[in-house]
Amino acid sequence: PTTCGASAPPAPGGAAPPEAVNLNVDGALLHLLADVLRSVVILIAGLLLQCGVIRDAAHADVVCALVVSVLIVLGSVVMLRKVVVALRRSFGSR
């Protein structure tokens, strides 16, 4: 069994080294973190709206969406780098 994007060749005996990276798990984790982050940001914005600190709900939603989007893009760039490294190692070993 191979992992998609393993960062190191399998150790003797077929076991993956502890530093092996599975890009599918990384993608799922990024998706989960984005969902959690969006929920937390919206919760905070809702509390600030209820307290009267923020008055425009539509504007707050746009700002929240932009903040979360930027963080998702940054996480995606990191993951894309991992994909490129995995592809280079995969094709470099042939």
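One can find the structure itself at the top, above this paragraph.
Engineer: Can you lay out the packing of helix 1 (residues 23-51) against helix 2 (residues 57-92) for me, pointing to particular residues and giving the numbers?
Structural biologist: Contact geometry of helix 1 with helix 2 gives a least axis separation of 10 Å together with a crossing angle of 165 degrees. Viewed along their axes, helix 1 and helix 2 adopt a mutual orientation that is roughly antiparallel. With respect to the hand of their crossing, helix 1 and helix 2 are arranged in right-handed fashion. In terms of residue class, the contact of helix 1 with helix 2 is made up of 17 nonpolar, 3 polar and 4 charged.

Engineer: Quick one: what's the story with helix 1, residue by residue and with numbers?
Structural biologist: Under the 1.5 Å per step criterion, the end-to-end length of helix 1 is 42 Å for 29 residues, consistent within 8% with the ideal 42 Å. Where helix 1 begins, the capping side chain belongs to Asn-22, and its oxygen is found 2.9 Å from the backbone nitrogen of Asn-24.

Engineer: For the pattern of salt bridges, give the residues involved together with the corresponding values.
Structural biologist: One side chain can pair with another of opposite charge once the charged atoms of both are near each other. One pass over the full model with this rule turns up 2 salt bridges. Residues Asp-26 and Lys-82 are paired through a salt bridge, measuring 3.1 Å at the closest nitrogen-oxygen approach. Of this pair, Asp-26 sits in helix 1 while Lys-82 sits in helix 2, placing them 56 residues apart in sequence. On the accessibility criterion, Lys-82 (36% relative accessible area) is partly exposed. Asp-61 serves as the salt-bridge partner of Arg-38, at 3.0 Å between the closest nitrogen and oxygen. Taken as a pair, Arg-38 in helix 1 and Asp-61 in helix 2 lie far apart in primary sequence, 23 residues in all. On the accessibility criterion, Arg-38 (26% relative accessible area) is partly exposed.

Basis of the calculations
- Residues numbered from 1 in each chain as written.
- Predicted model: local features only at pLDDT ≥ 70, side-chain atom pairs only at ≥ 80, totals over all residues.
- Heavy atoms only, no water.
- Axes fitted to C-alpha atoms, helices over the stretch in contact; angles between N-to-C directions.
- Helix = DSSP H or I, 4+ residues; strand = E, 2+ residues; numbered from the N terminus.
- Parallel < 35°, antiparallel > 145°, perpendicular 65-115°, else oblique.
- Left-handed = near helix turned anticlockwise from the far one by under 90°.
- Nonpolar A, V, L, I, M, F, W, Y, C, P; charged D, E, K, R; others polar.
- Expected span 1.5 Å × (residues − 1).
- Polar contact = N/O pair within 3.5 Å; in protein donor to acceptor, adjacent residues only side chain to side chain.
- Salt bridge = Lys/Arg side-chain N within 4 Å of Asp/Glu carboxyl O.
- Buried < 20%, exposed > 50% of the residue type's maximum accessible area, 1.4 Å probe, protein only.

Nothing here speaks to function; it is all geometry.
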